[in-house]
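Report on the structure
Here's the letter readout for the chains.
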Amino acid sequence: MQYLMLIYSEESYLKQQDDSFEDRLLENYLSVIETLQSEGVYLGGDRLRPTDTATSVKVREQKILVTDGPFAETKEQLGGYFMVDCKDLDHATEVAAKIPSAQFGTIEIRPIWNRPESET
Amino acid sequence: MKLEIENIYRQHTGKMLAYLCCILKDLDKAEEIWHDIVAGLFEKEQDLPSPLLPWLKTCAKNKAIDHLRKQQLTLQKSQLVKAIATELTDLSQEEALFNDQQLKLIFACCHPALEFDKQVALTLNVVCGMSTEQIATALLIQTKTLEQRLTRAKRKIKLAGIPYEIPEQSQLTERVQAVLKTLYLLFNNAVNHPHDPFHLESDAIQLCTFLHKLIPQEPEITGCLALMLFHHSRRASRFDSDGNLIVLPQQNRKKWDQTLIRQADKLIQEALNKKQIGVYQLQGAIQGLHSLAESAEDTDWRQIESLYYVLLNIEDSPVIRLNAAVAISESQGVDSALIELAHLESEEELKDYASFYIVKAELLFKKGQPKTAIENLEIAKTLTNISHEKRHLDNRIHQIKIISQNN
């Protein structure tokens, strides 16, 4: 089953840490991704630039409305995602727990809406 | 005949859905097939096959295999092979397999990805075989609300991929807690009924016994079973012939089932010996102290109070603090208990909790304040929907009025 893992954490938390924290965090991410790739679990993923670089777009009554910032101000912000192929929700939970940001943030696990090749 | 159908559902749904879910990994399909089988049973004007369960199982297997053949997907073909491979002639192995499947279904229904209300509704529907109307009545909620809840829960299982598996050893203790929470809620609901029309009390005990048999290494299961049996032993003394509630200090202890008490006592000792203390073991031990006291006056309140402190160390909640306050009122005195209650006044959780006002009322009455006691009992009355509880409170208010008039 395919899932999207949405990685949320407080952007301010990262800023509060010492200089080496981010480097170590990214190293951990690379290591986890490597392991998940070798297990055939990792399908893709990316880190996202912080929410102050976000732009939100709506179309209402044929008008394109553009605003600066994420669609909503939240306590934790979306910082990245993994797309994975897991046996079931328990396996997905195990994988999510390995994501380094899970230590201080939240991982939301969303099943990807059925595509023909992912039907079980 | 409706009763017969209901009985078949109550008795066999858990096993049959477990069996079908393990082959098909699809609760919706499993339910469809099960309903077909039951409908088919009553179409013919014949007696039900006896013994029924093996016949049902064969029927289910055939229908499941039929369904899998029509699918023709490679994943399901391997499940098909598995299904055929589970053709067992040895009856003892068959029972073990059945048990395994049921356990998996219970864990799926009580999965942490489902919120608690959904876990309870699912367990009653899928494991205990109750209809939506029956569940709605038992839980005092609207049928429509319950139907939506069940639909969402079943959808979540399917779409999010909640597995029909027994959890890994590392997760087992935690996952067991969720199951016990659901079972204990079912049990508690039943305890509130003079007649327990849906036999939830015995169902909960049966399920807990089943868990205890299959997972004997988890002392919380043993503790929960002991807790249930201690409560169950008092069933005959809980209500009078008119369906009026009789509270613990006033129960006729001669009516308590000593066999059950001995059984429960043995279980609680077994659990405590494992030295992995937990909330159900502690609650079981507390109820044990009540059950083993020959009279209300003989109750070892000091020990009960100590057990509450240990319990609060693990799980600190306003309701547990309230129960602890009752023990404190007996072991230390009314004033100490009233101090505890003063601390609890601001707790949001207790604002609409009838027992809070009842405990407060009894303490105030002991302090010689009948008027404020009655005020609190009146508040408690507004917070309960259960008729025999309302009646009990009315009786108590009346009693206090008479006593205070005579003084």
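Details of the structure are given in the entry above.
Scope of this entry: the structure provided in the associated data block. Because the structure is predicted, anything quoted here is derived from the model rather than measured.

Some words on the packing of helix 6 (residues 116–127) of chain B against helix 9 (residues 169–191) of chain B
All names here are of chain B. Close contact between helix 6 and helix 9 brings their axes to 10 Å; oriented N to C, the two are set at 65°. Regarding the angle of helix 6 to helix 9, the classification is roughly perpendicular. Helix-helix and strand crossings are classified by hand; for helix 6 and helix 9 the assignment is right-handed. Touching Phe116, Gln119, Val120, Thr123 and Leu124 of helix 6 are Ala178, Lys181, Thr182, Leu185 and Leu186, all from helix 9. A class-by-class count of the residues in the contact of helix 6 with helix 9 yields six nonpolar, three polar and one charged.

Here's the deal with helix 20 (residues 387–406) of chain B
All names here are of chain B. An ideal rise of 1.5 Å per residue puts 28 Å on 20 residues; helix 20 measures up with 29 Å between its terminal C-alpha atoms. Turning to helix 20, its buried residues are His388, Leu393, Arg396, Ile397 and Ile400. Taken together, the buried residues of helix 20 touch helix 18 (354–366) and helix 19 (370–382).

Some thoughts on the pattern of salt bridges
Residues and elements named next belong to chain B. A complete count under the given rule lists 20 salt bridges over all chains for this structure. With a shortest N-O distance of 2.8 Å, Asp394 and Lys381 are connected by a salt bridge. Of this pair, Asp394 sits in helix 20 while Lys381 sits in helix 19, placing them 13 residues apart in sequence. Among the residues examined, Lys381 registers a relative accessible area of 21% and is labelled partly exposed. Salt bridges sharing common partners tie together Glu201, Arg235 and Arg238.

Looking at a negative patch on the surface
Taken together, the side chains of Glu347, Glu348, Glu349 and Asp352 of chain B define an acidic patch exposed on the protein surface. Given the relative accessible area of 31%, Glu347 of chain B is considered partly exposed.

Describing the packing of helix 13 (residues 258–272) of chain B against helix 14 (residues 279–292) of chain B
Geometry of a packed helix pair, given as the angle between the helix axes and the separation of the axes. Residues and elements named next belong to chain B. Close contact between helix 13 and helix 14 brings their axes to 10 Å; oriented N to C, the two are set at 140°. Every pair of crossing elements has a handedness; the one defined by helix 13 and helix 14 is left-handed. Residue-level contacts link Ile261, Asp265, Ile268, Ala271 and Leu272 of helix 13 to Gln281, Gly284, Ala285, Ser291 and Leu292 of helix 14. A class-by-class count of the residues in the contact of helix 13 with helix 14 yields six nonpolar, three polar and one charged.

Definitions and cut-offs
Residues numbered from 1 in each chain as written. Chains lettered and ligands numbered in written order. Predicted model: local features only at pLDDT ≥ 70, side-chain atom pairs only at ≥ 80, totals over all residues. Heavy atoms only, no water. Axes fitted to C-alpha atoms, helices over the stretch in contact; angles between N-to-C directions. Helix = DSSP H or I, 4+ residues; strand = E, 2+ residues; numbered from the N terminus. Parallel < 35°, antiparallel > 145°, perpendicular 65-115°, else oblique. Left-handed = near helix turned anticlockwise from the far one by under 90°. Contact = heavy atoms within 4.5 Å. Nonpolar A, V, L, I, M, F, W, Y, C, P; charged D, E, K, R; others polar. Expected span 1.5 Å × (residues − 1). Buried < 20%, exposed > 50% of the residue type's maximum accessible area, 1.4 Å probe, protein only. Salt bridge = Lys/Arg side-chain N within 4 Å of Asp/Glu carboxyl O. Patch = residues over 30% accessible without salt bridge, like charges linked within 9 Å, V, L, I, M, F, W, Y side chains within 5 Å. Areas by Shrake-Rupley, 256 points an atom, 1.4 Å probe, with all protein chains shown as cover. Lys, Arg positive; Asp, Glu negative; His and termini not counted. Charge placed at Lys NZ, Arg CZ, Asp CG, Glu CD.

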